[in-house]
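Chain by chain, the residues:
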Amino acid sequence: MKTKTPLLKVDSVGIHFGGLKAVSDVNVELYPGELVGLIGPNGAGKTTFFNLLTGVYVPTEGTISLEGEDLKKRPPYKITQKGISRTFQNIRLFSELSVIDNVKVAYHSLSKHSILSSIFRMPSHFKGEKEMDEKAIEFLKIFNLDQYKDEKAKNLPYGKQRRLEIARALAANPKLLLLDEPAAGMNPQETHELMNLIALIREKFDLTVLLIEHDMPLVMGVCERIYVLDHGQLIAQGQPEEIRNNPKVIEAYLGEEVS
Ligand SMILES: Nc1ncnc2c1ncn2[C@@H]1O[C@H](COP(=O)(O)OP(=O)(O)OP(=O)(O)O)[C@@H](O)[C@H]1O
């Protein structure tokens, strides 16, 4: 699966908040098509790392590049346009908007239709709108959410809201999809379905996926490689089996289960 050129290259990246090194000297390379896990105990710096990749935070040290292009100091929306999409640990949907509108919002920013044509409802807008509806329904079908398209997002059960978040992230047409604890709060059946779904969308959309997850069976079962953060530093990387047996990882998780 590995090609010579990484899709994402993170070189000695760090960020300090006052005296706290939330992320320090982290090196990560993701190759096209990989499904990679990012794990670590609470407060290890995982979400901060996602915030660095998506431009929410600017690194105080190091560089991040996507397909060889430096992302430093680009605002989050530019980084989304370049090809990095994410979901959040706490669901962030437009709760009062319909399910379909939540998806459409994501690719509005990428669409070629001007704001003017939207405001004045010109014919090109309608053509665009129809195309958008069709495309949004395609996404919703993949996530088995098309029958809820006109429901308000807030009325969906929790597991479906989580799936809708992923559908919305995908609608931005990413090359790299970052999932922050996608199975949080899901029951075992939903988690199992989600695992299959992640594997399926990776294939279907030719994606690279980086996944933060506390559910170890999920990470170990679905990821090909895993990075482990502890106190802001990478303490291990490798295949699930290596990670499971790595003494540093076991020590970091002392008191927590890693199997
Ligand atoms: N904006 C900020 N200002 C100050 N400290 C911050 C900020 N963002 C994160 N931190 C700190 O950085 C550290 C890493 O937090 P982060 O949320 O990235 O950990 P995490 O691995 O995602 O944890 P969890 O698994 O609990 O979600 C924590 O000590 C956190 O308090």
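Data block above holds the structure.
Residues numbered from 1 in each chain as written. Predicted model: local features only at pLDDT ≥ 70, side-chain atom pairs only at ≥ 80, totals over all residues. Heavy atoms only, no water.

### Here we look at the sheet that holds strand β5 (residues 69-70)
No. 1: Strand order in this open sheet of four strands is β2-β1-β4-β5, and the pairing throughout is antiparallel. With one partner strand each, in any of the chains shown, β2 (20-30) and β5 form the two edges of the open sheet.
No. 2: Alignment of strand β1 (residues 8-17) against strand β4 (residues 61-66), held across five bridges, turns out to be antiparallel. Following the sheet pairing, V10 is matched in β4 by I64.
No. 3: In this fold helix α1 (residues 46-53) packs onto β1, β2 and β4, with an angle of close to 115 degrees to the strand it touches most, β1. (Pairing = 2+ DSSP bridges. Helix = DSSP H or I, 4+ residues; strand = E, 2+ residues; numbered from the N terminus. Contact = heavy atoms within 4.5 Å. Axes fitted to C-alpha atoms, helices over the stretch in contact; angles between N-to-C directions.)

### Comments concerning the pairing of β1
No. 1: Sheet topology note: the β1/β2 ladder contains seven bridges and is antiparallel. By the bridge assignment for β2, F17 is matched with L20.
No. 2: Two successive antiparallel strands, β1 and β2, enclose a turn made up of two residues, where G18 displays a positive phi of approximately 60 degrees.

### Concerning the site of the ligand
No. 1: The immediate surroundings of the ligand are formed by 14 residues, with G43, G45, K46, T47 and T48 found nearest.
No. 2: Within the complex, the protein chains bury 64% of what would otherwise be the 640 Å² of accessible surface of the ligand.
No. 3: Among the secondary structure elements, those contributing two or more residues to the shell around the ligand are β2 and α1.
No. 4: Counting residues per element, the shell around the ligand draws most heavily on α1, at three residues.
No. 5: Across the shell around the ligand, the residue classes break down as six nonpolar, seven polar and one charged. (Near = heavy atom within 4 Å. Areas by Shrake-Rupley, 256 points an atom, 1.4 Å probe, with all protein chains shown as cover. Nonpolar A, V, L, I, M, F, W, Y, C, P; charged D, E, K, R; others polar.)

### Digging into the sheet that holds strand β9 (residues 225-230)
No. 1: Taken in spatial order, the six strands line up as β6-β7-β8-β3-β9-β10 in an open sheet, and their pairing is mixed. The open sheet terminates on both sides in strands that have one partner only, identified here as β6 (84-86) and β10 (233-238). Averaged over all pairs of adjacent strands, the angle between their axes in this sheet comes to 20 degrees, without regard to strand direction.
No. 2: Of the strand pairs in this sheet, β9 and β10 are connected by five bridges, and their pairing is antiparallel. Across the sheet, the residue bridging to D230 is Q233, located in β10.
No. 3: Sitting on the sheet, α1 touches β3 (35-39), β6, β7 (176-180), β8 (208-212) and β9, and the angle it makes with β8 is about 145 degrees.

### Side note on the side chain of N51
No. 1: Within the secondary structure layout, N51 lies in helix α1.
No. 2: Given a relative accessible area of 11%, N51 falls into the buried group.
No. 3: Apart from residues lying up to four places away in sequence, N51 is in contact with V56, Y57 and R86. (Buried < 20%, exposed > 50% of the residue type's maximum accessible area, 1.4 Å probe, protein only.)

By themselves, these are just geometric observations and shouldn't be taken as functional.
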